[in-house]
Structure formats: C-alpha cells, structure tokens
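Inside the fold
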Amino acid sequence: QVLLVESGGGLVQAGGSLRLSCTASGRSFSTYAMGWFRQFPGKEREFVAAISWSGGSLYYADSVKGRFTISRDNAKKTVYLQMNSLKPEDTAVYYCAANHYGSTAPRAESEYDYWGQGTQVTVSS
C-alpha cells in the first residue's frame, strides 16, 4: 500500500505561481510513475502531467504545456508540480497518483493504482 499526501495548494492571483508537492510512503517510490490530475466542480478528473520513474518520460496536457512543470526527487519520495502563469480556469482540486509500472508516464486515470486526497488550487482573476 502506498499513501500519497499532497500539499502546496491555496489561493493565488491570476499570473501567479504555486508549487504542489506529493510525498509518498513506502519503499518503492523510485519505481513508480507519477501523475497529476485535476477535477473541476461537477466534472470528471482530467490529466495534467505525468513523469516516469526515471524522469526520462514527461507528458503534459495541452492546456498546461509551457506553464506547468512536473519533476520528482526519488530520494525524498516526492513529486512536484510547478505551476506558473496561473489562470482562473486552473482552479480545481489537484490529485497526485502513482502507477506501479513506472517505465512510462501514463495519461489515463485508470492506469494509476494509488491516489492522494487532493489539494485545492484557487486562482482569482
């Protein structure tokens, strides 16, 4: 079992930045692919970004490409989502997720095995 805990959410003005962190329990973090998803009120969760276990494969949703950066520190068992140039439409609950087979960076929600509890990001205009 893997426990994922997100932090770093909050309220920021449009154009600002936030960095989300997701720290994992367990010994196998370095073998997991990690992803970030977000959920708007009344909508299904959508893919934001993913990173393979080595960091060699990265994927981003078109809506965040060039503004968000996913990274990981395997020694700290933590994955990050640096969010720059935030827009009001980025307002959502952000979730991190872990995938056992970490050589790729999955974009489908169904490919992830563990989920964090989510952290709220609110961008004011």
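These lines cover the structure that appears in this document, whether it is placed above or below. It should be emphasised that the depicted structure is a prediction, and the values quoted were computed from it without experimental measurement.

In this structure, Leu4, Met34, Trp36, Leu81, Met83 and Tyr94 are the most contacted members of the largest nonpolar core, which totals 36 residues. If you list the elements that add at least two residues to this core, you get strand S3 (18–24), strand S4 (33–39), strand S5 (45–51), strand S7 (68–73), strand S8 (78–83), strand S9 (92–99) and strand S11 (119–124). When neighbours within four sequence positions are excluded, Leu4 is seen to be in contact with Cys22, Thr23, Ala24, Met34, Cys96, Ala97, Ala98, Tyr114, Trp115, Gly116 and Gln117.

Scanning all chains against the criterion turns up 5 salt bridges. Arg38 serves as the salt-bridge partner of Asp90, at 2.9 Å between the closest nitrogen and oxygen. Residue Asp90 is found in the loop between S8 and S9, and its partner Arg38 is found in strand S4; the two are separated by 52 residues along the sequence. Neither residue differs from the other here; Asp90 and Arg38 are each classed as buried. We note a salt bridge from Asp90 to Arg67, for which the minimum N-O separation is 2.7 Å. Taken together, the residues span a long stretch of sequence, with Asp90 in the loop between S8 and S9 and Arg67 in the loop between strand S6 (58–60) and S7 at a distance of 23 residues. Its relative accessible area of 10% is what places Arg67 among the buried residues.

Here we come to the environment of Ala50. Its location among the elements puts Ala50 in strand S5. Look at Ala50 and you get buried, because its relative accessible area is 0%. Each C-alpha atom of the pair Ala50 and Ala61 lies 9.2 Å from the other, and the pair is 11 residues apart in sequence. Apart from the residues within four sequence positions on either side, Ala50 is in contact with Met34, Gly35, Ser57, Leu58, Tyr59, Ile70, Ala105, Pro106 and Tyr112.

Take the state of the cysteines next. What the rule picks out here adds up to 1 disulfide. Between the sulfur atoms of Cys22 and its disulfide mate Cys96 the distance is 1.9 Å. Across the S-S bond of Cys22 and Cys96 the torsion is about 50°, and the bridge reads as right-handed. On the criterion of sequence distance, the pair formed by Cys22 in strand S3 and Cys96 in strand S9 is long-range, its members being 74 residues apart. We note that Cys22, like Cys96, is buried.

It is worth spelling out the pairing of S3 at this point. For a regular strand, side chains alternate in direction, first toward one face of the sheet and then toward the other. For S3, a buried count of 5 out of 7 residues is recorded, marking the element as mostly surrounded by other parts of the structure. Relative to S3, strand S1 (residues 4–7) is paired through 4 bridges, and the arrangement is antiparallel. Each residue of the ladder has a partner; that of Ser7, found in S3, is Ser21. Alignment of S3 against S8, held across 6 bridges, turns out to be antiparallel. Looking across to S8, one finds that Thr23 is bridged to Thr78.

Reading the values: rules and limits
- Residues numbered from 1 in each chain as written.
- Predicted model: local features only at pLDDT ≥ 70, side-chain atom pairs only at ≥ 80, totals over all residues.
- Heavy atoms only, no water.
- Core = buried A, V, L, I, M, F, W, Y, C linked by side-chain atoms within 4.5 Å.
- Buried < 20%, exposed > 50% of the residue type's maximum accessible area, 1.4 Å probe, protein only.
- Helix = DSSP H or I, 4+ residues; strand = E, 2+ residues; numbered from the N terminus.
- Contact = heavy atoms within 4.5 Å.
- Salt bridge = Lys/Arg side-chain N within 4 Å of Asp/Glu carboxyl O.
- Disulfide = S-S within 2.5 Å.
- Pairing = 2+ DSSP bridges.

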